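Results of the structural survey
One letter stands for each residue in the lines below.
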Protein chains: 2
Amino acid sequence: MDEGSKNQSRIRPLHLRLPATSANLGPGFDALALALDLYLDVKAREAGEFSITATGRGPEICGALERNLLLDVYRGTLEANGRAVTPLALDVENGIPLGMGCGSSAAVRLAGVALAAHFGSLGWTREQILAEATRLEGHPDNTAACWMGGFVAACWDGAKLWAASISPPENWRALMVLPEKPLATTASRAVLPESYSSADVVANLQRVAVLTAAFATGRADLLAEAMRDRMHQPYRREVCPLLPALLPLSGTDGVLGVALSGAGPGVLVLIDSEEHANRVEELVRAEARSIGPVEVLLCRIENRPATVVSYQSIPS
Amino acid sequence: MDEGSKNQSRIRPLHLRLPATSANLGPGFDALALALDLYLDVKAREAGEFSITATGRGPEICGALERNLLLDVYRGTLEANGRAVTPLALDVENGIPLGMGCGSSAAVRLAGVALAAHFGSLGWTREQILAEATRLEGHPDNTAACWMGGFVAACWDGAKLWAASISPPENWRALMVLPEKPLATTASRAVLPESYSSADVVANLQRVAVLTAAFATGRADLLAEAMRDRMHQPYRREVCPLLPALLPLSGTDGVLGVALSGAGPGVLVLIDSEEHANRVEELVRAEARSIGPVEVLLCRIENRPATVVSYQSIPS
């Protein structure tokens, strides 16, 4: 029996299940993302002091009690809303690769805000939780896809979010290709220019439009062209060497399209069916050989919204 | 009996029906367009010399035998493909406003190319006709929507076209609001800048993505925000004074969104149902009063592809 249960907790425990997300999808810089079936699972209950049990990927990062993004967001949200910080006992099982462009920070920020909304009894709607996490993240693509599921188009004006989710064809799959070394989003953003030529803007606007329509209508034949980008990928080739190695696979047999996943360094390879996964994985490993060892994860697209369940505490 | 029938025409007459299109839809510069139920109808048959009977809008322009865009495209396409120029007797009934941003030049170029493909026996597919008209037009939005129908996202690399069509919710309607004086697209393009800030590009990419997803999923609530633009509309306010007058209607009761139609000067007002047409038309006329007289056309969205029918000549 810990202190939480001795205190006769007034707030029910909470279970959160938040998917990985691959943002940008080529031309959709800060606008598009896809939810994948790799999850951050967080179980939280009131306790006398903070504790974390972390399993899965990055347990030393997810389990740290200092400089932990989830705890920082949780505490910050409660303090900003004038609530006491209820200590939590957390059980974190993380399946999202960290620092790879798989949306781990978006999932963690959503988790922190959702925990604060719940244990601080803020009375927030799902929309409010998403908006607050998006404000902290600074861009809406990963947070909206993580929270809503599916292929998500999102728009953010600094305070309000507009987003729509589309369920892609059931047979489409993603191969997430991850190098050994992670990369901070800030480092990957620093290489981008401050302005773009009209021709580059039109090229990306056209491809974002066709890409979104292709996901909505299941037009696999359009993806290779629609995932071409002139806004961030050309500038990130140096810091994300897997990208130029894998881009030539786009449009080859079974490969629908290739894009940098978020700010990298991971690369998203969309395939039209699980049947092609092994063959495409072999191609990917062959192309990546000169870069170094890679991890390849076969993912389904997660079309369901993030799970938020509060439940009766199970006596331990 | 004219010379065409005396010659025992080897090529059957052709009937083309091409819809008006409203391009850009706010943020989708050169990328998005919507087909509307205003048509250019062309009936053509082989003849001893060129003749045109023109009715509908702009008969003096559509019926001219010199400096006629349709004839120029027809002749040019045949000559570029090494074919003799078969003279045609044309019956043109035009319902598309000219010089208003309603896609009249795209419809005319498609008509010219389709006539050349038919009477020159070029053996072109529908895709080839669309690609050639897009090459002549220089951008794919109007031509693709005119040829395919519906809400169309299109991407063009100077030689090849990729496009997807989506059928919007059945009850959505468009009010085309037209000032008295037409405007050349070239004049409206000259006011645009050559480069854009990263913030403006992201804003438009997000809105193009959300706009396309909103049309695909019928999310009327997203349109007002998703039709906001930072790429061309802010620069065209001066040459298209109807736009700043009508933009404030966007998102008001029954008005889904407002955008410059193509390069203007016409303005597209999307409404969620025909029931609101009269009321919104009154609002539009009130807002436009300071600009001058306007014509307001209530349009349905045309979801069918352009009609191309060859038929047996009817003896006259």
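Before reading further, recall that the structure is shown in the block above.
Let me begin by describing the structure that accompanies this report. (Residues numbered from 1 in each chain as written. Chains lettered and ligands numbered in written order. Predicted model: local features only at pLDDT ≥ 70, side-chain atom pairs only at ≥ 80, totals over all residues. Heavy atoms only, no water.)

**Description of the packing of helix 8 (residues 198-217) of chain A against helix 8 (residues 198-217) of chain B**
Where helix 8 of chain A contacts helix 8 of chain B, the axes come no closer than 9 Å and their chain directions differ by 25°. One finds that helix 8 of chain A runs roughly parallel with respect to helix 8 of chain B. Pair helix 8 of chain A / helix 8 of chain B crosses with right-handed handedness. Within the contact between the two elements, helix 8 of chain A uses Val201, Asn204, Leu205, Val208, Ala209, Thr212, Ala213 and Ala216 of chain A and helix 8 of chain B uses Val201, Asn204, Leu205, Val208, Ala209, Thr212, Ala213 and Ala216 of chain B. Its residues assigned to classes, the contact of helix 8 of chain A with helix 8 of chain B comprises 12 nonpolar, four polar and no charged. (Axes fitted to C-alpha atoms, helices over the stretch in contact; angles between N-to-C directions. Helix = DSSP H or I, 4+ residues; strand = E, 2+ residues; numbered from the N terminus. Parallel < 35°, antiparallel > 145°, perpendicular 65-115°, else oblique. Left-handed = near helix turned anticlockwise from the far one by under 90°. Contact = heavy atoms within 4.5 Å. Nonpolar A, V, L, I, M, F, W, Y, C, P; charged D, E, K, R; others polar.)

**Quick notes on the pattern of salt bridges**
Applying the stated criterion to the full structure yields 24 salt bridges over all chains. The residue Glu281 of chain B makes a salt bridge to Arg285 of chain B at a minimum N-O spacing of 3.0 Å. On the criterion of helical spacing, the pair formed by Glu281 of chain B and Arg285 of chain B is a turn pair, its members being four residues apart in helix 12 (residues 277-288). Since its relative accessible area comes to 34%, Arg285 of chain B is described here as partly exposed. A single salt-bridge network, built from bridges that share partners, covers Arg207, Glu225 and Arg228 of chain A. (Salt bridge = Lys/Arg side-chain N within 4 Å of Asp/Glu carboxyl O. Buried < 20%, exposed > 50% of the residue type's maximum accessible area, 1.4 Å probe, protein only.)

**Points about empty space enclosed by the protein**
Under the criterion given, the structure shown has one cavity of 30 Å³ or more. Approximately 30 Å³ is the volume found for the largest cavity. Each residue belonging to the lining of the largest cavity can be placed in one class, and the counts come to five nonpolar, two polar and no charged. (1 Å grid on protein atoms, 1.4 Å probe; cavity = no way out; pocket = protein on both sides within 12 Å on 5 of 7 lines; lining within 4 Å. Points joined across faces, edges and corners; volume = space filled by probe spheres on them.)

**As for the side chain of Thr134 of chain B**
All names here are of chain B. Mapped onto the fold, Thr134 is located in helix 5 (residues 126-137). Residue Thr134 is classed as buried on the basis of its relative accessible area, which comes to 0%. A polar contact of 2.7 Å, which involves the side chain of Thr134, links it to the backbone oxygen of Leu130. Beyond its immediate chain neighbours, meaning those up to four positions away, Thr134 contacts His139, Pro140, Thr143, Trp156 and Leu161. (Polar contact = N/O pair within 3.5 Å; in protein donor to acceptor, adjacent residues only side chain to side chain.)

**Comments concerning the nonpolar core**
In summary, soluble globular proteins display a tendency toward joint burial of nonpolar side chains. Membership of the largest hydrophobic core comes to 181 residues, with the highest contact counts inside it found for Leu18, Leu90 and Leu115 of chain A together with Leu18, Leu90 and Leu115 of chain B. Ignoring anything within four residues of it in the chain, the contact list for Leu90 of chain B reads Val42, Lys43, Ala44, Ser51, Ile52, Thr53, Leu70, Leu71 and Leu115 of chain B. (Core = buried A, V, L, I, M, F, W, Y, C linked by side-chain atoms within 4.5 Å.)

**With respect to unusual backbone geometry**
With an omega dihedral of 5°, the bond running from Gly264 of chain A to Pro265 of chain A counts as a cis peptide bond. Within the fold, Pro265 of chain A resides in the loop between strand 9 (255-260) and strand 10 (267-271). The backbone of Asn24 of chain B shows a phi angle near 80°, a positive value even though the residue is not glycine. Take Asn24 of chain B: it is sitting in strand 1 (residues 14-24). You can call Asn24 of chain B buried: its relative accessible area is 3%. Of note in the backbone geometry, Asp30 of chain B takes a positive phi value of approximately 65° without being a glycine. Mapped onto the elements, Asp30 of chain B comes out in strand 2 (residues 28-46).

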